[in-house]
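Chain residues, written in single-letter form:
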Amino acid sequence: MDRRNKKKSFGRPSVTRYVSNTAKIGKNVKIWHFAYVGDETRIGDNVMIGSLTHIDYKVSIGENTRIEGSVYIPPLTIIGKNVFIGPGATFTNDPYPMSPKMVGVVVEDGAIVGGGAIIKAGIIVGRNAVVAMGAVVTRDVPVSTVVVGSPARARYSREEYDRKQNEWNLM
């Protein structure tokens, strides 16, 4: 399978996305325009990757995950199953740039990362946790906790978040 989607443009082919030949891509994965997937990255089944998203090398993404557009995911990041990452979220992997030592972010199963959130290198976003849009995460996010602000602080539980979401959907 040719992993570079080429399309004719004024008589010349153009690459609309790039997926490394060493990346392992699951079934039913959708990768939108101008996205990049680096070497040795593993992507599970039923994943959606939005336009202009950069997923660097040695990243792992679990099944049924949705990554919106303009997201940056650096090397060594691990993203679990059933995760949502909003548009423009940025993950980092170097707590002291330009250090030769890097550490990835871990986003556990069922977590939500809101649009525009920034997550510091080495952080663990716990299972079913929620990082609010625009939050700057400098400390680990506990399981089933919603964090907001800059720096991000615990605001309420995932149970309360789900209740608020359900109320919103019924309006």
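Everything that follows concerns the structure shown earlier in this document.
As a starting point, this report considers the structure included with it. (Residues numbered from 1 in each chain as written. Predicted model: local features only at pLDDT ≥ 70, side-chain atom pairs only at ≥ 80, totals over all residues. Heavy atoms only, no water.)

With that settled, consider the overall build of the protein chain. A count of helical and extended segments in the protein chain gives one helix and 23 strands. Against the globule reference of 16 Å for 171 residues, the protein chain gives a C-alpha radius of gyration of 17 Å, in line with a compact fold. Overall size of the protein chain, expressed as C-alpha extent along the three principal axes, is 55 × 45 × 25 Å. Put simply, the protein chain has 171 residues, and 40% of those count as buried. In the protein chain, of all internal contacts separated by at least 6 residues, the share reaching a separation of at least 24 is 16%. A total of about 9,800 Å² of accessible surface is found on the protein chain, and carbon and sulfur atoms cover 54% of it. The protein chain carries 23 positive and 15 negative side-chain charges, and their two centres are separated by 7 Å. (Helix = DSSP H or I, 4+ residues; strand = E, 2+ residues; numbered from the N terminus. Rg over C-alpha atoms; globule rule 2.2 N^0.38 Å. Buried < 20%, exposed > 50% of the residue type's maximum accessible area, 1.4 Å probe, protein only. Contact = heavy atoms within 4.5 Å. Areas by Shrake-Rupley, 256 points an atom, 1.4 Å probe, with all protein chains shown as cover. Lys, Arg positive; Asp, Glu negative; His and termini not counted. Charge placed at Lys NZ, Arg CZ, Asp CG, Glu CD.)

If you walk across this open sheet you meet the six strands as S4-S7-S10-S13-S16-S19, and the pairing is parallel. Across the chains shown, the open sheet's two edge strands, defined by having one partner strand only, are strand S4 (24–25) and strand S19 (124–125). (Pairing = 2+ DSSP bridges.)

Here we take up the pairing of strand S23 (residues 153–157). When strand S22 (residues 145–148) meets S23, the two strands line up antiparallel, connected through four bridges. Its bridge partner lying in S23, Val-146 is registered against Tyr-156. Where S22 hands over to S23, the hairpin turn is made up of four residues, of which Gly-149 adopts a positive phi near 95°.

Let us look at the packing of aromatic side chains. Within this structure, the stated rule accounts for one aromatic pair. Centroid distance Tyr-18 to Tyr-36: 5.4 Å. Interplanar angle 20°. Geometry classified as stacked. Here Tyr-18 is found in strand S3 (residues 18–19), whereas its partner Tyr-36 is found in strand S6 (residues 36–37), with 18 residues between them in sequence. Positioned above the aromatic ring of Tyr-156, the side-chain terminus of Lys-164 is 4.5 Å from the ring centre. (Phe/Tyr/Trp six-rings, centres within 6.5 Å; stacked < 30°, edge-to-face > 60°. Lys NZ or Arg CZ within 6 Å of the ring centre and 35° of its normal.)

Turning our eyes to something else, we now look at the pattern of salt bridges. Counted according to the given criterion, the structure contains six salt bridges. For Arg-127, the salt bridge identified is with Asp-109, shortest N-O distance 3.3 Å. Of this pair, Arg-127 sits in the loop between S19 and strand S20 (130–131) while Asp-109 sits in the loop between strand S16 (106–107) and strand S17 (112–113); the two residues are 18 residues apart in sequence, bridging distant segments of the chain. On the accessibility criterion, Arg-127 (44% relative accessible area) is partly exposed. Lys-164 is the partner of Glu-160 in a salt bridge, and the nearest nitrogen-oxygen pair spans 3.7 Å. Note that Glu-160 and Lys-164 are positioned in helix H1 (residues 158–170) at a spacing of four residues, about one turn of the helix. One salt-bridge network, in which partners are shared between bridges, spans Glu-160, Arg-163, Lys-164 and Glu-167. (Salt bridge = Lys/Arg side-chain N within 4 Å of Asp/Glu carboxyl O.)

All quantities given are derived from atomic positions and should not be read as evidence of function.
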